[in-house]
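Results of the structural survey
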Amino acid sequence: MSIPPSITSGLDASELDSVEGRVDYDHVDFSYDDGERVLDDVTFTANPGETVGLVGPTGAGKSTICKLLPRLYDVTGGEIRVDGTDVRDLTVESLREHIGYVG
Ligand SMILES: Nc1ncnc2c1ncn2[C@@H]1O[C@H](COP(=O)(O)OP(=O)(O)OP(=O)(O)O)[C@@H](O)[C@H]1O
Ligand SMILES: [Mg+2]
């Protein structure tokens, strides 16, 4: 309980409000702590109102892609934007308020 979280809001983070819902994954790379590259240069856009399905074999990285959006983990390369703003430049609280996730 006393361990400080590693993912926090930056000092000049802005609030995410009046969301349109455009999501951009822009050349995203990701590795978990063990260092093996799980995502390598992933780029796609989900436009507001669009339904996007991620399809691939078990272990391909679909769930990992979803976990990066609310910053359960941070990308190790590239960036993810919501309505044009890098998720790391938004407060964690306001970002997560706008995302539903069923595991
Ligand atoms: N917490 C974690 N720590 C280390 N490696 C992980 C972790 N979670 C997932 N992985 C690894 O990351 C890779 C991608 O896993 P992920 O769960 O994103 O795949 P998936 O496409 O959702 O698979 P599935 O179809 O089985 O749900 C796999 O090699 C997996 O073993
Ligand atoms: Mg999965």
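Scroll up to find the structure.
Anyway, here's the lowdown on the structure attached to this text. The model shown is predicted, which means the values in this text are computed figures rather than measured ones.

Points about the overall build of the protein chain
Of the regular secondary structure elements, the protein chain holds two helices and four strands. Ordered by position in the sequence, the α and β elements of the protein chain form the string β-β-α-β-β-α. Relative to the globule expectation of 13 Å for 103 residues, the C-alpha radius of gyration of the protein chain, 14 Å, shows essentially globular dimensions. Principal-axis analysis of the C-alpha atoms places the extent of the protein chain at approximately 40 × 35 × 25 Å. The buried share of the protein chain, taken over its 103 residues, is 30%. For the protein chain, long-range pairs separated by at least 24 residues make up 60% of all intrachain contacts whose partners lie at least 6 apart in sequence. Here the protein chain displays about 6,800 Å² of accessible surface, and carbon together with sulfur accounts for 49% of that area. Positive and negative side-chain charges in the protein chain, numbering 8 and 20 respectively, have mean positions lying 5 Å apart.

A look at the site of ligand 1
Residues in close proximity to ligand 1 include Y32, V38, P57, T58, G59, A60, G61, K62, S63, T64 and Y73, which together make up its full environment. T58 places a side-chain nitrogen or oxygen 2.4 Å from an oxygen atom of ligand 1. Within the backbone of G61, an N or O atom sits 2.9 Å from an oxygen atom of ligand 1. For ligand 1, whose unbound accessible area comes to 640 Å², protein coverage reaches 57%. If one sorts the elements of the shell around ligand 1 by residue count, helix α1 (residues 62-68) sits on top with three residues.

Topic: the packing of aromatic side chains
This structure, assessed with the given rule, holds four aromatic pairs. Note on F30 and Y32: the rings are 4.8 Å apart at their centroids and 85 degrees apart in plane angle, and the pair reads as edge-to-face. On the accessibility criterion, F30 (2% relative accessible area) is buried. The partly exposed category is assigned to Y32, whose relative accessible area is 26%. Put simply, the rings of F30, Y32 and Y73 touch in pairs and so form one group of aromatic residues.

Analysis parameters
Residues numbered from 1 in each chain as written. Chains lettered and ligands numbered in written order. Predicted model: local features only at pLDDT ≥ 70, side-chain atom pairs only at ≥ 80, totals over all residues. Heavy atoms only, no water. Helix = DSSP H or I, 4+ residues; strand = E, 2+ residues; numbered from the N terminus. Rg over C-alpha atoms; globule rule 2.2 N^0.38 Å. Buried < 20%, exposed > 50% of the residue type's maximum accessible area, 1.4 Å probe, protein only. Contact = heavy atoms within 4.5 Å. Areas by Shrake-Rupley, 256 points an atom, 1.4 Å probe, with all protein chains shown as cover. Lys, Arg positive; Asp, Glu negative; His and termini not counted. Charge placed at Lys NZ, Arg CZ, Asp CG, Glu CD. Near = heavy atom within 4 Å. Polar contact = N/O pair within 3.5 Å; in protein donor to acceptor, adjacent residues only side chain to side chain. Phe/Tyr/Trp six-rings, centres within 6.5 Å; stacked < 30°, edge-to-face > 60°.

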